[in-house]
Amino acid sequence: MRYGNGSASNAISAQISKPLWARLTDDTTMKINLLTLLLLITTLTACGQKKMENKFFTWDNFVDNFGKEMVSAEDVHNNMVKSGLKDNCLTKMDFTFISDKKESLIKLGEFLKAHYPYIVQEVKKYEDLWEINGETNEIPITADNLLYWALDMYKRGYEFDAKLDAYGGLFDPKDQKFPDLDTSKADYYFDKGVECYEKGDLSGSIINWSLTLNINPKESNSFYSRAIVKNELYTWKSALKDYDKAIEIAPDFVSALTNRGSLKDENGDYSGAIDDYNKVLSMDKVDLENKQQAYFNRGNSKFNLKDKKGACEDWKKALELGADYAKGRLDEHCK
C-alpha cells in the first residue's frame, strides 16, 4: 500500500568532546569530534540560509508552512498505521520537489545524490513549473523518523529554492521487514549515524541514533548527538528534551550542559541557561576550553538579563582564561 501527502502545492556551543565518564572509548570520541566540526560548518551555513534571496520558495514561505509540513508527516504516518504499518517497518519513500527554475532542481538532484543514498530522476516540465522525483533507501518508519525525514527534505528543498511537494511510501502490511535490533548492533547504528551526518544526511543520522536508543535507551551520546541535528531541523523543543535525557543519564556531560544552556539562551530562558553554565563551572574536572565557553556564554545570558556588571565579570574571566573572542564583548559593553 502507498500512502503519501501531496499538494499543488549568540552563544558558543560546546564542541562534542569526550565526556567525563570512563566508558566512552577513544575511538568513539574521535568520531564524535568529527561530528563537531561538521556541526560548526553546518551551523554557519544554516545562519546564512535565512538570508538567501529565494524567489520561488522564500524564507517566509518556509516559516509559514513549517507547521503544516509537520502535520502532513503526522497524517501520512497515521494513514500508514491504519493500514497495518508497524514501528520500524523498512519502507522506501518516493518524493517530488517543484520549482519555477529547472536549474534549481538540477542542483538539488545533484546534491541529494551526493549526500543521500537516494535514486533521483531527471528534471521534467510540469505545466508551468518544473519537478524532480526520487526514491529513498529503505527507512525504518516511525512517527518521529518520518517527521524528521520530511523536515530534512523540506529544508533541503528550501536551500535550492524548491518546495517539497509530495511524498509517500509503499509497503506490504502482510510482508513487513525490520532492522536488526540485536544488542550487538548498538555501536553499528551509532557509527552509521555519525557517517550519515558526515555526508550531510541529517535525517539518516537521527534515524540511526534512534535505532541505537531502541537497543539501549541509556545511550546518552545518541540523545546528545540527535539533539544537535533536531535543532538544525528547527525543532528546538524536541532537541531540548534530548539534551535533558542525555544529562539525566549522565549528569556531568559537560558538552550536553553547555549546548543545552546555549539552546535555552537562544530561546529566551536566560536563567535556565545560567543554571547550566553554573553546573559546568562547579565541576572539578572541566577542561580549559569548556571553562572559557561557560564563562563567555554565562556572560551573554547575564547581559540578556540586564546584569551588565555580572556579564562583564564573566567575559573578563573568559578572556583571562584565553578566550580571545570575549574581547569584542568587553570592548563593546564594558568600557
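Details of the structure are given in the entry above.
Residues numbered from 1 in each chain as written. Predicted model: local features only at pLDDT ≥ 70, side-chain atom pairs only at ≥ 80, totals over all residues. Heavy atoms only, no water.

Brief notes about the overall build of the protein
Within the protein, the regular secondary structure consists of 13 helices and six strands. Counting the 335 residues in the protein, one finds 52% classified as buried. Per element, the accessible surface of the protein, about 16000 Å² overall, is 51% carbon and sulfur. (Helix = DSSP H or I, 4+ residues; strand = E, 2+ residues; numbered from the N terminus. Buried < 20%, exposed > 50% of the residue type's maximum accessible area, 1.4 Å probe, protein only. Areas by Shrake-Rupley, 256 points an atom, 1.4 Å probe, with all protein chains shown as cover.)

Comments concerning the packing of helix α9 (residues 254-266) against helix α11 (residues 288-304)
Pairs of packed helices are described in terms of their axes, by the angle between the two and the distance that separates them. Across the interface, α9 lies against α11 with an axial gap of 11 Å and an inter-helix angle of 20 degrees. Overall, the two elements α9 and α11 adopt an arrangement that is roughly parallel. For the element pair α9 and α11, the recorded crossing hand is left-handed. Facing V254, T258, S262 and D265 of α9, the residues of α11 in contact are N290, Q293, N297, N300, S301 and N304. Considered class by class, the residues forming the contact of α9 with α11 number one nonpolar, eight polar and one charged. (Axes fitted to C-alpha atoms, helices over the stretch in contact; angles between N-to-C directions. Parallel < 35°, antiparallel > 145°, perpendicular 65-115°, else oblique. Left-handed = near helix turned anticlockwise from the far one by under 90°. Contact = heavy atoms within 4.5 Å. Nonpolar A, V, L, I, M, F, W, Y, C, P; charged D, E, K, R; others polar.)

Thoughts on the state of the cysteines
Enumeration over the complete set of coordinates arrives at one disulfide. Here C312 connects covalently by a disulfide to C334, the sulfurs 1.9 Å from one another. Residues C312 and C334 share a disulfide whose torsion about the S-S bond is about -90 degrees; that sign makes it left-handed. With a gap of 22 residues between them, C312 in helix α12 (residues 308-320) and C334 in the segment after α13 (326-333) connect regions that are remote in the sequence. Judged by its relative accessible area of 15%, C312 is buried. (Disulfide = S-S within 2.5 Å.)

Describing the pairing of strand β5 (residues 129-141)
Note that strand β2 (residues 89-99) and β5 share ten bridges and pair antiparallel. For L90, the partnering residue across the bridge sits in β5 and is P140. Pairing geometry for strand β3 (residues 119-120) and β5, over two bridges, is antiparallel. Bridging from a neighbouring strand, I119 pairs with E135 of β5. Bridge count for strand β4 (residues 124-126) against β5 is three bridges, and the pairing is antiparallel. Within β5, the position partnered with Y126 by the bridge is L129. (Pairing = 2+ DSSP bridges.)

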